[in-house]
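# Close look at the chain arrangement
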Amino acid sequence: MALDHAILVSLLEQPGSGYELARRFERSIGYFWTATHQQIYRVLKRMEGDGLLDVREVPQQGRPDKKEYSVAGPGRAALAQWLRDPIEPESLRHDLAVKIRGAAFDDPAALVREVERHHRAHSGRLAHYLAGESRDFTGPGAPAPLDAGQELQHVVLRGGIAYERMTIAWLDDVLETLHRITARGPGA
């Protein structure tokens, strides 16, 4: 997926400045597609030049005017075409999995701290997803019923929650395996 498509989706959900868009990437869409602020601004400028985005100057008190981006007709058409184009199923390219397999040729105990670090990171991400789900979709302040856009955002978030839960369960299994192998001693 190109960054262009993630930007189009985000701007269709809500127009905004480059800064606001970068913040959205940090808070939500960034868990599924990451980009630096510089990448976002560079792509926004190119997409504006290609006629995919409309831009309006928004005056600000005591600060320079900001550019607010929204999706133009050609941008909607490009996204619609991309939505209809087939994509290859993602392959699992996982550096940690290769390290775990490689631990058979070194000291498996040396990998425990790294796996624990990954476990903490995925547990933190799961907590973040669950808090967002409660805030935006299932908690007392959540809209009911959800509109189509909210339903689709929620199903993507549920996929992220399921992925993090699966990853944490796998990392628990990896840690249990590493501890069992380590307890047997070298070469056993």
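Model, not experiment: these values are computed from the prediction.

## Some thoughts on the pattern of salt bridges
Under the defined criterion, the tally for this structure stands at nine salt bridges. A salt bridge links Glu114 to Arg117; its shortest N-O distance comes to 2.7 Å. Here the residue Glu114 and the residue Arg117 both occupy positions in helix α6 (residues 112–138), the gap between them amounting to three residues, near one helical turn. Since its relative accessible area comes to 21%, Glu114 is described here as partly exposed. In this structure, Arg125 and Glu164 form a salt bridge, with 3.6 Å as the shortest nitrogen-oxygen distance. Of the two residues, Arg125 sits in helix α6 while Glu164 sits in helix α7 (residues 148–184), which places them 39 residues apart along the sequence.

## Structural notes on the pairing of strand β2 (residues 63–71)
Bridge count for strand β1 (residues 53–60) against β2 is seven bridges, and the pairing is antiparallel. Across the sheet, the residue bridging to Glu57 is Lys67, located in β2. In this antiparallel pair of consecutive strands, β1 and β2, the connection spans two residues, and Gly62 shows a positive phi of 70 degrees.

## Concerning the domain arrangement of the protein
A common measure of how large an interface is: the accessible area buried when the components associate. On domain assignment, one finds that the protein holds domain 1 (1–83) and domain 2 (95–184). Summarising the inter-unit geometry, the C-alpha centres of domain 1 and domain 2 are found 29 Å apart. Taken together, both faces of the contact between domain 1 and domain 2 bury some 450 Å²; the carbon and sulfur share is 62%. Our count for the domain 1 to domain 2 interface comes out at zero salt bridges.

## Some words on the packing of helix α1 (residues 3–13) against helix α4 (residues 73–84)
Running from amino to carboxyl end, α1 crosses α4 at an angle of 120 degrees, the nearest separation of the two axes being 10 Å. As the angle between them shows, α1 and α4 are arranged oblique. Judged by the twist between their axes, the crossing of α1 over α4 is left-handed. Here α1 contributes His5, Leu8, Val9 and Leu12 to the contact with α4, which in turn contributes Gly75, Arg76, Leu79 and Trp82. In terms of residue class, the contact of α1 with α4 is built from five nonpolar, two polar and one charged.

## With respect to the environment of Asp4
Examined against the element boundaries, Asp4 turns out to sit in helix α1. Classification of Asp4 by relative accessible area gives buried; the value is 15%. Spatially, the C-alpha atom of Asp4 lies 23 Å from that of Val58, the residues being 54 residues apart in sequence.

## Quick word on α6
For α6, which comprises 27 residues, the first-to-last C-alpha distance of 36 Å matches the rise-based estimate of 39 Å (1.5 Å per residue) to within 8%. Those residues of α6 not exposed but buried are Val112, Val115, His119, His122, Leu126, Tyr129, Gly132, Glu133 and Phe137. Against the buried residues of α6 lie α5 (95–102) and α7.

## Quick word on α7
The end-to-end C-alpha distance of α7 is 54 Å, a good match for the 54 Å that 37 residues give at a rise of 1.5 Å each. The complete set of buried residues in α7 reads His154, Leu157, Gly160, Ile161, Glu164, Thr167, Ile168, Leu171, Val174, Leu175 and Leu178. On its buried face, α7 is in contact with α5 and α6. With a side-chain oxygen lying 3.1 Å from the backbone nitrogen of Gly149, the N-terminal cap of α7 falls on Asp147.

What counts as what
Residues numbered from 1 in each chain as written. Predicted model: local features only at pLDDT ≥ 70, side-chain atom pairs only at ≥ 80, totals over all residues. Heavy atoms only, no water. Salt bridge = Lys/Arg side-chain N within 4 Å of Asp/Glu carboxyl O. Helix = DSSP H or I, 4+ residues; strand = E, 2+ residues; numbered from the N terminus. Buried < 20%, exposed > 50% of the residue type's maximum accessible area, 1.4 Å probe, protein only. Pairing = 2+ DSSP bridges. Domains from an automatic or database assignment. Buried area = accessible area lost by both parts, 1.4 Å probe. Axes fitted to C-alpha atoms, helices over the stretch in contact; angles between N-to-C directions. Parallel < 35°, antiparallel > 145°, perpendicular 65-115°, else oblique. Left-handed = near helix turned anticlockwise from the far one by under 90°. Contact = heavy atoms within 4.5 Å. Nonpolar A, V, L, I, M, F, W, Y, C, P; charged D, E, K, R; others polar. Expected span 1.5 Å × (residues − 1). Polar contact = N/O pair within 3.5 Å; in protein donor to acceptor, adjacent residues only side chain to side chain.

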